[in-house]
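# Breakdown of the fold
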Amino acid sequence: MIHYKTAEEIELLRASNQLVSKTLAEVAKRISPGVTTLELDQVAEEFIRDHAAVPGFLGYKGYPKTLCTSVNQQVVHGIPSGYVLKEGDIVSVDCGVLFQGYYGDSAYTFTVGEVADRVKQLLKTTRASLYKGIENAREGKRVGDIGNAIQEYCEREKFSVVREMVGHGIGKSLHESPEVPNYGRKGHGPRLQEGMVICIEPMINMGRKDITQDADGWTIQTADRLPSAHFEHCVAITKNGAELLSTFEYIEAVHNVTI
Ligand code: MF3
Ligand code: CO
């Protein structure tokens, strides 16, 4: 069942997502060679609690941390640890909060120092594909139009789209209907209607689309162990098209957009 949101609920979802965006910017300030993903997690948790909110992922189906930090060939759901970031790494940082009863959820893939040209291209393409998807998130369109736009854009650059993990509706729960795949057929899937709030989150691989799951029950990696990128925005479907509830503005004010 899809929960359609009132204007008041959309404002609460905006507040939650703005807090996520500001949290990601706090994390962005700390990204550099030598920092551990656990330190990033601690920065995020403290910032969220200082703003009268709680981490949205912590405890979700037993997830043990505030952030998901997925390095290089890790696609999503990497668990913060003592891993020390090094020059040339990329790290997807996915953050969720629960604030005033509503969830926020957004993700950004950061570069650590200088990264290889093809990796930059992967990040640039994945980020741009997210906005291609968002352009299609409007009334009259269907969920398949979003996925189709993302897939066409990424495959044109010879990257591949992860199939098993998808975007989602969001509200009083972190994951609501509908599922929002990053692949699909134009004109197929649920209709997009005013009041829907969805997270669009392309997970795009440099090599093949196949993934594996680690024994920790969470970490998803590419089967070929080539790098993967992940960007996520939360958007509301309004009369005037998609309205971003999260933003990369705060992040990109402090993190070099080398891409
Ligand atoms: N953005 C991710 C998702 O929507 C984060 C979930 S992590 C989890 O699936 F720990 F909460 F599962
Ligand atoms: Co999400």
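## Remarks on the packing of aromatic side chains
- With the rule as written, the count across this model stands at six aromatic pairs.
- Centre to centre, the rings of Tyr 108 and Phe 231 are 4.9 Å apart; their planes meet at 75°, and the pair counts as edge-to-face. Note that Tyr 108 is positioned in strand S5 (residues 102–111) and Phe 231 in the loop between strand S13 (228–230) and strand S14 (233–238), a separation of 123 residues in sequence.
- On the basis of relative accessible area, Phe 231 is assigned to the buried category, the value being 0%.

## Here we look at the site of ligand 1
- In the neighbourhood of ligand 1, 13 residues make up the surrounding shell, with Asp 94, Asp 105, His 168, His 175 and Glu 232 lying closest.
- Contact distances for ligand 1 include 2.6 Å between a nitrogen atom and a side-chain N or O atom of Asp 94.
- The separation between an oxygen atom of ligand 1 and a polar side-chain atom of Glu 201 is 3.1 Å.
- Isolated, ligand 1 exposes 330 Å² of accessible area, and the fraction of that covered by the protein chains is 95%.
- Here the shell around ligand 1 is built from residues that sort into six nonpolar, three polar and four charged.

## Details of the coordination of the cobalt ion (ligand 2)
- Here the cobalt ion (ligand 2) is held by the protein donor atoms Asp 105 (OD), His 168 (NE2), Glu 201 (OE) and Glu 232 (OE), which lie 2.1 to 2.3 Å from it.
- One chain supplies every donor for the cobalt ion (ligand 2), spaced along it as D-x62-H-x32-E-x30-E. In this pair, Asp 105 is assigned in strand S5 and Glu 232 in the loop between S13 and S14, connecting sequence segments 127 residues apart.
- By relative accessible area, Glu 232 is classed as buried at 0%.

Analysis parameters
Residues numbered from 1 in each chain as written. Chains lettered and ligands numbered in written order. Predicted model: local features only at pLDDT ≥ 70, side-chain atom pairs only at ≥ 80, totals over all residues. Heavy atoms only, no water. Phe/Tyr/Trp six-rings, centres within 6.5 Å; stacked < 30°, edge-to-face > 60°. Helix = DSSP H or I, 4+ residues; strand = E, 2+ residues; numbered from the N terminus. Buried < 20%, exposed > 50% of the residue type's maximum accessible area, 1.4 Å probe, protein only. Near = heavy atom within 4 Å. Polar contact = N/O pair within 3.5 Å; in protein donor to acceptor, adjacent residues only side chain to side chain. Areas by Shrake-Rupley, 256 points an atom, 1.4 Å probe, with all protein chains shown as cover. Nonpolar A, V, L, I, M, F, W, Y, C, P; charged D, E, K, R; others polar. Donors = N, O, S within 2.8 Å, 3.2 Å for Na, K, Ca; no water.

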